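Structural characterization, general
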Amino acid sequence: MKIIRVICALTLTFAVAFTALFGWKKISEESLDKTPSTYKGVITMWQIDCFEGGTGSRKQFLLKSARAFEKKNNGVLVMVTDYTVEGAKNAVKEGKVPDLISYGIGAEQSGFVEINPKRVSKGGLVGEKCFATAWCRGNYVLIYNTALVESVEGINHFDSLLVSQNEFTQPLTAFTLEGYSANNVEIKKPMDAYVKFVSGKTPYFLATQRDVVRLKNRAFEFGMIALSEYCDLYQYVSVCSKDPVKSFYAQEFVSYLLSDSVQTSLNGIGMYSDFTSANYDETEYCLLQNTKAKHTVSAFTPAQKLKEMQEISALAVKGDSVALNKIKNILI
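First, a word on what this report is: a plain description of the structure on this page.

The next subject is the overall build of the protein chain. In terms of regular secondary structure, the protein chain is built from eleven helices and twelve strands. A buried classification covers 48% of the 332 residues belonging to the protein chain. Restricting the contact set of the protein chain to residue pairs at least 6 apart, pairs at least 24 apart contribute 76%. Put simply, the protein chain shows about 16,500 Å² of open surface, and 55% of that area lies on carbon and sulfur atoms.

Looking now at the packing of aromatic side chains. Applying the stated rule across the entire model yields 17 aromatic pairs. Seen from their ring centres, Y103 and Y236 are 6.2 Å apart, and the 35° between their planes marks the pair as tilted. With Y103 in strand 3 (residues 100-103) and Y236 in strand 12 (residues 234-239), the pair connects residues that are 133 residues apart, well separated along the chain. Taken individually, Y103 and Y236 each receive the classification buried, so the pair is uniform in this respect. Residues F197 and F220 carry aromatic rings whose centres are separated by 5.4 Å and whose planes lie at 50° to one another, so their mutual orientation is tilted. A residue pair is termed long-range when its members are at least 10 positions apart, and F197 in helix 5 (residues 190-198) and F220 in the loop between helix 6 (209-218) and strand 11 (222-226) qualify at 23 residues. With relative accessibility at 0%, the residue F197 sits in the buried group. Of the residues examined, F220 reaches a relative accessible area of 16% and is grouped as buried. Clustering of aromatic rings is evident, with ring pairs tying together Y103, F112, Y234, Y236 and F300. The lysine or arginine in question, R58, covers the ring of F51, its NZ or CZ lying 4.8 Å from the ring centre. Over the aromatic face of Y194 sits the side chain of R214, whose NZ or CZ is 5.5 Å from the ring centroid.

As for its placement among the helices and strands, N184 is situated in strand 9 (residues 181-188). When the C-alpha atoms of N184 and L161 are compared, they prove to be 6.2 Å apart, with 23 residues separating the residues in sequence. Among all residues touching N184, those that are not within four sequence positions of it are D159, S160 and L161.

Right, let's talk about the pattern of salt bridges for a bit. For side chains bearing opposite charge, pairing can occur when the charged atoms are close. Summed over all chains, the structure comprises 15 salt bridges. With a shortest N-O distance of 2.6 Å, E52 and R214 are connected by a salt bridge. With a gap of 162 residues between them, E52 in the loop between strand 1 (41-48) and helix 2 (58-72) and R214 in helix 6 connect regions that are remote in the sequence. Overlapping salt bridges bring together E52, D211 and R214 as one network.

Attention now moves to the nonpolar core. Within soluble globular proteins, side chains that are nonpolar generally end up buried alongside one another. If you look at the biggest cluster of nonpolar residues, it comprises 102 residues, and the most contacted ones within it are L100, Y103, W135, I143, L161, F175 and F253. The leading source of residues in this core is helix 7 (residues 244-257), at seven residues. In contact with I143, other than residues within four places in its own chain, are F197, P203, Y204, F205, A207, D211, V212, L215, F222, G223 and M224.

With that out of the way, let us pick up the packing of helix 2 against helix 7. As a packed pair, helix 2 and helix 7 sit with axes 10 Å apart at the nearest point and diverge in direction by 115°. Here helix 2 and helix 7 pass one another in a crossing that is right-handed. Touching L62, S65, A66, A68, F69 and K72 of helix 2 are Y249, E252, F253, Y256 and L257, all from helix 7. A breakdown of the residues in the contact of helix 2 with helix 7 according to their chemical character gives eight nonpolar, one polar and two charged.

Reading guide: rules and limits
The residue numbers shown here count from 1 along each chain, following its written sequence. The predicted origin of the model limits local features to residues at a pLDDT of at least 70 and limits the giving and counting of side-chain atom pairs to 80 or more, whereas totals for whole chains, interfaces and linings rest on all residues. Calculation of side-chain values draws on the structure's entire complement of heavy atoms; hydrogens and water are dropped beforehand. By definition, any uninterrupted DSSP run of H or I lasting at least four residues is a helix, any uninterrupted run of E lasting at least two residues is a strand, and each is numbered from the N terminus. Whether a residue is buried, partly exposed or exposed follows from its accessible area with a 1.4 Å probe, protein chains only, as a fraction of its type maximum: under 20%, in between, or over 50%, in that order. Note on contacts: a residue pair qualifies if any of its non-hydrogen atoms lie within 4.5 Å across the two residues. Only the protein chains shown count as cover for residues, and the accessible areas themselves come from Shrake-Rupley with a 1.4 Å probe. Stacked, edge-to-face and tilted labels apply to pairs of Phe, Tyr and Trp rings (six-membered ring for Trp) whose centres lie within 6.5 Å, assigned for plane angles under 30 degrees, over 60, and everything in between, in that order. Working rule: Lys NZ or Arg CZ, within 6 Å of ring centre, within 35 degrees of ring normal, means a charge sits over the ring. A carboxyl oxygen of Asp or Glu within 4 Å of a side-chain nitrogen of Lys or Arg is what we treat as a salt bridge. The term nonpolar core refers to a set of buried residues drawn from Ala, Val, Leu, Ile, Met, Phe, Trp, Tyr and Cys, joined through side-chain atoms within 4.5 Å. Lines are fitted to the C-alpha atoms to define the axes, a helix being fitted only along its stretch in contact, and any angle between axes, read from their N-to-C directions, falls within 0 to 180 degrees. The handedness criterion is simple: a crossing whose near helix is rotated anticlockwise from the far helix by less than a right angle is left-handed, and one whose near helix is rotated clockwise is right-handed. Three classes are used: nonpolar for Ala, Val, Leu, Ile, Met, Phe, Trp, Tyr, Cys and Pro, charged for Asp, Glu, Lys and Arg, and polar for all others, with Gly counted as polar.

Okay, structure coming up:
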């Protein structure tokens, strides 16, 4: 019995001594090990809406994608929070910085790190470097009331035009670059414009994918032309985190958003992919998916520049060639 006690005492003494001299270093190293294969934590993402979507919530779509991403990356959580443009700016002033931001043109966010996605949007490039890419998009459309107009084929000048425009969008740029012009242009906020059109007395409506959804849900008879020269209705995603591990997982989530499995499911929110085909069956939605604009503006265009662009396009739509050339100089 004494021998057993002595052996136990010696073993315990050795274990304590080894831990004190060497083990603490090993434990410390392991506690600081946050390589991509072992990291467990939260990736924060802000969702900022700068234009109307299609149907449903882009935040909810991101959350659904995040849950699927988490199942593929054990121990990593993605938290998505809604922000307004001003709310996001105020949060940054308070020192808050997310790991990822989903946003539209006009959000005026900065501090992004370079990313290397397999699918690149030209609006997110600065020189040859990519700082943003579009995970979904909308489209501008010229809608006409078939109870008042049989067709717009062959028409390039309109006496009157109702326009849906919000704070940052450029519908008249899209309209003008198609070669159209108009005498009397009435610009309204999106919902106000839609309400006026469905009253049934307005023949021509310059709108977006959101209005197509509204009209179809209402069973309103209409015809449409998808505009293909210009679009700025892109929902971009950028990485903000400078932390190596968080940045790694943030970029992995960007890659996941751009994967076929996610892109083809954008029909769930009435939005479209710039890289593949979302699963639509109805004619109008298929037309919007298959229409990809030739031009856009930078994802990082300042809000003031966008305001100026709206003013210039209001002149260009009435035939001002100088204003049209100014617009063309802004495009990419």
